[in-house]
Amino acid sequence: MKVVLISIDALIYDDLKYFSKLKNFGSLLSHSAVINKICPVFPTHTYVCHTSIMTGCYPNKTGIISNTKENGDWNWYKRAVKVPFLTDYLKKSGFKTASVCFPVTGNADIDYLVPEIWEKAPNIDPSNLFKSSSSKLGYSYFERFKELLDWMRTPGMDNFASKCFSSIMKENDIDFGMVHLSYLDHQRHKNGAESEKNLHAINFIDEKLGEILSSLSKDTTVIILGDHGHRNFNYYFSLEKALKDEKLDSQFKVYDYSYMAFIKTDINANKAKDIFLKLKEKYPIESVLTEAEANEKYNLAGDFSLALTSSDNYTFTHGDILYKEAIDNHSSHGFLPEKAPFSPLIISNYETELKECNSVDIAPTILSLFNIFPTNMDGSVLSITPSHIR
């Protein structure tokens, strides 16, 4: 059994209308099961979602509740994750693994590992950073293709990821490999959520898919998914400025800005919630959840007092301007997981009648293809059957 997982950041089901007309994606879709809707975890952020995809567990178990830590450092490293990756189970069973530019994989126990990571500035050579966070075998591929990198920017990062991954898969006997492509997400932030505004990114992704597929054996099961959707907005709302105006800034600390924000306070959580519910009547705040409520409803727990989401058409930001028109970006994520649009799940050479699944179902389903069935995952094995079309 050979399995490859391709994460196309911010891929949504509506994109398939356009992908299906393209050479590589269209060919793959012709012999694949398509589940229209993956129900993501909350918050719908890249690193949170990918960690749950790789572990089969919700954020209250993984420990990853945001792209970044409270101090602003990115959650690049596997050591922050409190549960095993699906690659850990595969390695334990003797399978060879590979991963390129997947979030939260720094220093993970993966044979051919090139993590998603970048230096503090584009003019700094990232070689030492990659050497310290990649596997020895993976680092040799970084060295070969590092000239393709353009810091953390795309499409350079995706060109690098595609070349590294396709070369690893072509030159080595890999049982399971995974790669993350992020250009579509970056373009959605810039252009807006609609597929039509991002056709150049969709065509680019199809080209990268062709490079990857050409490196695989024909019997490889290819799984493609997105991690979260995107929703348009027109305005930034500074929660920090609102708290300052209400003379509450000394009592509450805000971190993580998008369609959601975390609040930390020493005030009793229920009392704190009452304060924000009053603010909700005046400001574009959609929902206010205590940590206990977030855990009960969304399996989200961690070092925060409240989890807030912003009203439609607004995202949280920091600064001294209460409201600011969005000019640089037009779409984002982080919103409640029941909100559309949703990402699809595509599995080549398989069939299914399922129309939706959960992101935590991905890891146990992949492991089931290798006859590995962990008992400590939140997700379930999806009902899929091999297709007669090859």
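Only a predicted model underlies this, so the values are computations on that prediction, with no experimental measurement involved.

J.: Describe the overall build of the chain, with residues and values.
T.: On a plain count of helices and strands, the chain comes out with 14 helices and 18 strands. Counting the 390 residues in the chain, one finds 59% classified as buried. Contacts spanning at least 24 positions in sequence make up 72% of the contacts within the chain whose residues lie at least 6 apart. For the chain, the accessible surface area stands at approximately 16200 Å², while carbon and sulfur atoms represent 48% of it. Both charge centroids of the chain, one from 42 positive and one from 49 negative side chains, sit 2 Å from each other.

J.: Hey, could you go over the state of the cysteines for me, with residue numbers and the actual values?
T.: Counted according to the given criterion, the structure contains zero disulfides. There is no disulfide at Cys39, and the cysteine sulfur nearest it, in Cys357, is 7.2 Å away. According to the relative accessible area criterion, Cys39 is buried, its value standing at 18%.

J.: Pulling in residues and values, what's your account of the packing of aromatic side chains?
T.: Under the defined criterion, the tally for this structure stands at 23 aromatic pairs. Centre to centre, the rings of Trp76 and Trp118 are 5.3 Å apart; their planes meet at 85°, and the pair counts as edge-to-face. On the criterion of sequence distance, the pair formed by Trp76 in the loop between helix H4 (59–62) and helix H5 (86–92) and Trp118 in the loop between strand E4 (112–114) and helix H6 (127–133) is long-range, its members being 42 residues apart. Residue classification places Trp76 among the buried positions, given a relative accessible area of 14%. Members of the aromatic cluster, connected to one another through ring pairs, are Tyr235, Phe237, Tyr283, Tyr314, Phe316 and Tyr323. Positioned over the ring face of Tyr236 is Lys324, at 5.8 Å from the centre of the ring.

J.: Tell me about the packing of helix H7 (residues 136–145) against helix H8 (residues 156–171), and name the residues and values.
T.: As a packed pair, H7 and H8 sit with axes 10 Å apart at the nearest point and diverge in direction by 130°. Between H7 and H8, the crossing angle belongs to the class labelled oblique. As for the relative orientation of H7 and H8, their crossing is right-handed in sense. Contacts between H7 and H8 involve Tyr141, Phe142, Arg144 and Phe145 from the first element and Phe160, Lys163, Cys164, Ser167, Ile168 and Glu171 from the second.

J.: Describe the packing of helix H9 (residues 183–191) against helix H10 (residues 199–213), listing the residues and the values that go with them.
T.: Running from N to C, H9 and H10 cross one another at 175°; their axes reach a closest spacing of 9 Å. What the angle tells us is that H9 and H10 run roughly antiparallel. Contact residues: Tyr183, Leu184, Gln187 and Asn191 in H9; His200, Ala201, Ile202, Phe204 and Ile205 in H10. Its residues placed into classes, the contact of H9 with H10 shows six nonpolar, three polar and no charged.

J.: How would you explain the environment of Phe204 if you had to name every residue and give the values?
T.: With respect to the helices and strands, Phe204 occurs in helix H10. Phe204 sits in the buried class, given a relative accessible area of 12%. Along the sequence, Phe204 and Asn60 sit 144 residues apart, while their C-alpha atoms lie 36 Å from each other. Excluding residues within four positions of it along the chain, Phe204 makes contact with Pro155, Asp158, Asn159 and Tyr183.

J.: Could you give an account of the nonpolar core, with specific residues and numbers?
T.: Counting residues in hydrophobic clusters, the biggest one holds 88 residues, and the most contacted among them are Ile6, Ile224 and Leu345. Looking at this core element by element, the count peaks at seven residues for H8. Filtering out sequence-adjacent residues up to four positions away, Leu345 remains in contact with Ala33, Val34, Ile35, Ile38, Ile223, Ile224, Leu225, Cys357, Ile362 and Leu382. The next biggest cluster of nonpolar side chains, apart from the first, holds 18 residues, and it includes Phe252, Ala261, Ala272 and Leu308.

The rules we used
Residues numbered from 1 in each chain as written. Predicted model: local features only at pLDDT ≥ 70, side-chain atom pairs only at ≥ 80, totals over all residues. Heavy atoms only, no water. Helix = DSSP H or I, 4+ residues; strand = E, 2+ residues; numbered from the N terminus. Buried < 20%, exposed > 50% of the residue type's maximum accessible area, 1.4 Å probe, protein only. Contact = heavy atoms within 4.5 Å. Areas by Shrake-Rupley, 256 points an atom, 1.4 Å probe, with all protein chains shown as cover. Lys, Arg positive; Asp, Glu negative; His and termini not counted. Charge placed at Lys NZ, Arg CZ, Asp CG, Glu CD. Disulfide = S-S within 2.5 Å. Phe/Tyr/Trp six-rings, centres within 6.5 Å; stacked < 30°, edge-to-face > 60°. Lys NZ or Arg CZ within 6 Å of the ring centre and 35° of its normal. Axes fitted to C-alpha atoms, helices over the stretch in contact; angles between N-to-C directions. Parallel < 35°, antiparallel > 145°, perpendicular 65-115°, else oblique. Left-handed = near helix turned anticlockwise from the far one by under 90°. Nonpolar A, V, L, I, M, F, W, Y, C, P; charged D, E, K, R; others polar. Core = buried A, V, L, I, M, F, W, Y, C linked by side-chain atoms within 4.5 Å.

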